[in-house]
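Here is what each chain is made of, one letter per residue.
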Amino acid sequence: RYILGEYETSQAELILNKLESKTKFADIGANAGYFSLIAKSKFPNIDVTLFEPLPLNIQQLSQHFEVNGLKDQFTLKKLAIGDKIGEIEFSDSGNAAANTIMQESGMMQNSNTIKVQVDTIDHMAEELNWDENTFLKIDIEGAEFKALLGGKEYLQKFHPEFILATHDCHVQGVEKECLDFLSEVGYQYKLIKDDKISGQVDYLVFH
């Protein structure tokens, strides 16, 4: 599906459409780097930053950029995003697409763990000079409410648009927590239509 361009087509088309008027793309929970790769391929001048803590995924996404002739044309942050800065436990299961920092997730409880660095959206926004012209994709397996809490200052100051993937399959009730929080800080959201597993819902979020 990656090779044929058939992976989450609604989300991919939405990202490319939004990036036409943006200068930066933050891929939070980059996994294999698919969305960042198509973004950089279509918009060579856009500033792309990938956030990924799992060593296997870091190796793969770097290889994917290299074989597509885009080596070194991105910024890689080897860390998780949450509501604090420091070190945190991260699941290290055989499923490279579903690891998490959330202790209550079944993935955390039934797999090995590793220590990774964790940071906040607010801190990264300051370091990387994000503003209203930055588009974010947040897909972090149940930790999305923590990410929003750690990015509240940035969201309230610049009102960026972003895609948010919610994962009740990892943390029951996290979707409602996120949507309630977004409403409180003046955001609206729209469902993105794509084939999803049960307990995972994606939204386009805008102020």
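Residues numbered from 1 in each chain as written. Predicted model: local features only at pLDDT ≥ 70, side-chain atom pairs only at ≥ 80, totals over all residues. Heavy atoms only, no water.

## Points about the pattern of salt bridges
Argument step 1. In this structure the tally under the stated criterion is six salt bridges.
Argument step 2. Lys22 is the partner of Glu161 in a salt bridge, and the nearest nitrogen-oxygen pair spans 3.5 Å. Linking Glu161 in the loop between helix 7 (152–158) and strand 8 (162–167) with Lys22 in the loop between helix 1 (9–19) and strand 1 (24–28), this pair joins segments that are 139 residues apart in sequence. Taken individually, Glu161 and Lys22 each receive the classification buried, so the pair is uniform in this respect.
Argument step 3. Note that Glu127 is salt-bridged to Lys77, the shortest N-O span being 2.5 Å. (Salt bridge = Lys/Arg side-chain N within 4 Å of Asp/Glu carboxyl O. Helix = DSSP H or I, 4+ residues; strand = E, 2+ residues; numbered from the N terminus. Buried < 20%, exposed > 50% of the residue type's maximum accessible area, 1.4 Å probe, protein only.)

## Focus: the packing of aromatic side chains
We describe a pair of aromatic rings using the distance from one ring centre to the other and the angle between the two ring planes.
Argument step 1. What the rule picks out here adds up to 10 aromatic pairs.
Argument step 2. The interplanar angle of 40° and the centroid separation of 4.3 Å between the aromatic rings of Phe65 and Phe74 together place this pair among those described as tilted. As far as burial versus exposure is concerned, Phe65 and Phe74 are alike and both buried.
Argument step 3. With a centroid separation of 5.9 Å and an interplanar angle of 55°, the aromatic rings of Trp130 and Tyr154 are classed as tilted. Of this pair, Trp130 sits in the loop between helix 5 (121–128) and strand 7 (134–138) while Tyr154 sits in helix 7, and the two are 24 residues apart along the sequence.
Argument step 4. By relative accessible area, Trp130 is classed as buried at 4%.
Argument step 5. Following the ring pairs from residue to residue traces out a cluster consisting of Phe51, Trp130, Tyr154 and Phe158. (Phe/Tyr/Trp six-rings, centres within 6.5 Å; stacked < 30°, edge-to-face > 60°.)

## Here's the deal with the sheet that holds strand 2 (residues 47–51)
Argument step 1. If you trace the seven strands from one edge of the open sheet to the other, you get 3-2-1-7-8-10-9, paired in mixed fashion. Here the strands that pair on one side only, and so sit at the sheet edges, are strand 3 (75–77) and strand 9 (188–191). Averaged over all pairs of adjacent strands, the angle between their axes in this sheet comes to 20°, without regard to strand direction.
Argument step 2. For strand 7 and strand 8, the ladder comprises three bridges, and the chain directions are parallel. From the neighbouring strand, Lys137 faces strand 8, where its bridge partner is Ile163.
Argument step 3. Across the sheet, helix 1 lies against strand 1, strand 7, strand 8 and strand 10 (200–206), angled at about 160° from strand 7, the strand it touches most. (Pairing = 2+ DSSP bridges. Axes fitted to C-alpha atoms, helices over the stretch in contact; angles between N-to-C directions. Contact = heavy atoms within 4.5 Å.)

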